[in-house]
Amino acid sequence: GTRDERPRGSPSQSASVGAIIRRRARTGGSDRHRGMSGMLVFDPETLAVVQIAKGRTNLAAVDEIVATAKRAIDESQKTRGIVQWLTVIDDAAEPPNAVDRRRIMEAINEIPRIHSATVVTSAFHRAVLTALSWLRRPAPGQRFETFAAVPDAIRWLEGLGARPAAWKRLLGDARAKSSAAD
């Protein structure tokens, strides 16, 4: 199959998950919906999210990110807290396709108060992410930064005054889910 399994030509260029699954069943589909989900951990008490991105992006992973963002919005509105989102991107990870990138960014941008740290060891990829961040100013209450190492990202998140999270436990849980998905 192709990397983008969504139908083209519609005004929104998107389809429901059910429609995609039915079309895959008719056409032989692909395994894009398997393999990368379960790499996200959300702690509603501290409003902390840890995401491990590696391998090939798939529909289930994107759906999980969108659902987690919605849950984080609900929880942060109850507590008026700041969502802390830590993403660790493996250098071999394939980026999501354009439609999925848009879905992810729209969902995360809906979080009114978010501090998001992205860790990527590749200097080239960090430079690209930094340049892209210059093109869009975050809304008030939103902060996005890119780092080369996890400890630096965690220090930044904690330095912004957000509620401390059990980062070691959350990273361990996310890495365990990531390994189980391999």
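The structure we're discussing is the one just above.
Residues numbered from 1 in each chain as written. Predicted model: local features only at pLDDT ≥ 70, side-chain atom pairs only at ≥ 80, totals over all residues. Heavy atoms only, no water.

## Remarks on the overall build of the protein
For step 1, the next point in the chain: Each helix and strand in the protein was counted, giving 6 helices and 5 strands.
For step 2, the next point in the chain: Secondary structure elements of the protein occur, N-terminal to C-terminal, as α-β-β-α-β-α-β-α-β-α-α.
For step 3, the next point in the chain: Every one of the 182 residues in the protein was classed for burial, and the buried ones make up 41%.
For step 4, the next point in the chain: When contacts within the protein are restricted to residue pairs at least 6 apart in sequence, long-range pairs at least 24 apart make up 77% of them.
For step 5, the next point in the chain: Entry remark: accessible area of the protein is about 9,900 Å², with carbon and sulfur atoms responsible for 56%. (Helix = DSSP H or I, 4+ residues; strand = E, 2+ residues; numbered from the N terminus. Buried < 20%, exposed > 50% of the residue type's maximum accessible area, 1.4 Å probe, protein only. Contact = heavy atoms within 4.5 Å. Areas by Shrake-Rupley, 256 points an atom, 1.4 Å probe, with all protein chains shown as cover.)

## Remarks on the side chain of Gln142
For step 1, the next point in the chain: Among the secondary structure elements, Gln142 is positioned in strand E5 (residues 142-147).
For step 2, the next point in the chain: For Gln142, a relative accessible area of 5% puts it in the buried group.
For step 3, the next point in the chain: At 3.0 Å, the side chain of Gln142 and the backbone oxygen of Asn109 are in polar contact. (Polar contact = N/O pair within 3.5 Å; in protein donor to acceptor, adjacent residues only side chain to side chain.)

## Focus on the nonpolar core
For step 1, the next point in the chain: In terms of nonpolar packing, the biggest core is built from 20 residues, with Val50, Leu86, Trp167 and Leu171 touching the most fellow members.
For step 2, the next point in the chain: The dominant element in this core, judged by the number of residues it contributes, is helix H5 (residues 150-159), at 5 residues.
For step 3, the next point in the chain: Counting 17 residues, the second largest nonpolar core, distinct from the first, contains Leu47, Ala72, Val83 and Ile114. (Core = buried A, V, L, I, M, F, W, Y, C linked by side-chain atoms within 4.5 Å.)

## Here we look at the side chain of Glu75
For step 1, the next point in the chain: Relative to the elements of secondary structure, Glu75 occurs in helix H2 (residues 59-79).
For step 2, the next point in the chain: Ignoring anything within four residues of it in the chain, the contact list for Glu75 reads Phe42, Pro44 and Leu47.

## A word on the layout of surface pockets
For step 1, the next point in the chain: If you add up the space inside the largest pocket, you get close to 1,300 Å³.
For step 2, the next point in the chain: If you list the elements that add at least two residues to the lining of the largest pocket, you get strand E2 (48-53), H2, strand E3 (83-89), helix H3 (98-109), strand E4 (114-120), helix H4 (123-135) and E5.
For step 3, the next point in the chain: Of the residues that constitute the lining of the largest pocket, the class distribution is 19 nonpolar, 10 polar and 7 charged. (1 Å grid on protein atoms, 1.4 Å probe; cavity = no way out; pocket = protein on both sides within 12 Å on 5 of 7 lines; lining within 4 Å. Points joined across faces, edges and corners; volume = space filled by probe spheres on them. Nonpolar A, V, L, I, M, F, W, Y, C, P; charged D, E, K, R; others polar.)

## With respect to the pairing of E3
For step 1, the next point in the chain: Judged by how many residues are buried, E3 sits mostly within the fold: 6 of 7 residues are covered.
For step 2, the next point in the chain: One crossover worth recording links E2 to the parallel E3 by way of H2, and it is right-handed.
For step 3, the next point in the chain: Looking at chain direction, E3 and E4 are connected through 7 bridges and run parallel. Note that in E4 the partner of Val83 across the bridge is Ile114. (Right-handed = clockwise from strand over helix to strand, strands pointing away. Pairing = 2+ DSSP bridges.)

## What to know about H5
For step 1, the next point in the chain: For H5, every residue scored as buried is listed here: Val150, Ala153, Ile154, Trp156 and Leu157. Each buried residue of H5 lies within a common arc of 160° when the element is viewed along its axis, so the set occupies one face. Of the exposed residues in H5, those oriented more than 90 degrees away from the buried face are Arg155 and Gly159.
For step 2, the next point in the chain: Two residues or fewer past H5, Gly161 is found with a positive phi of approximately 85°. (Arc of directions from axis to C-beta.)

## Topic: unusual backbone geometry
For step 1, the next point in the chain: Positioned with a positive phi, Leu47 is a non-glycine residue whose angle comes to about 60°.
For step 2, the next point in the chain: Tracing the sequence through the fold places Leu47 in the loop between strand E1 (40-43) and E2.
For step 3, the next point in the chain: With relative accessibility at 0%, the residue Leu47 sits in the buried group.
For step 4, the next point in the chain: Even without being a glycine, Arg80 presents a positive backbone phi close to 55°.

Everything listed here is a matter of geometry and, on its own, says nothing about what the molecule does.
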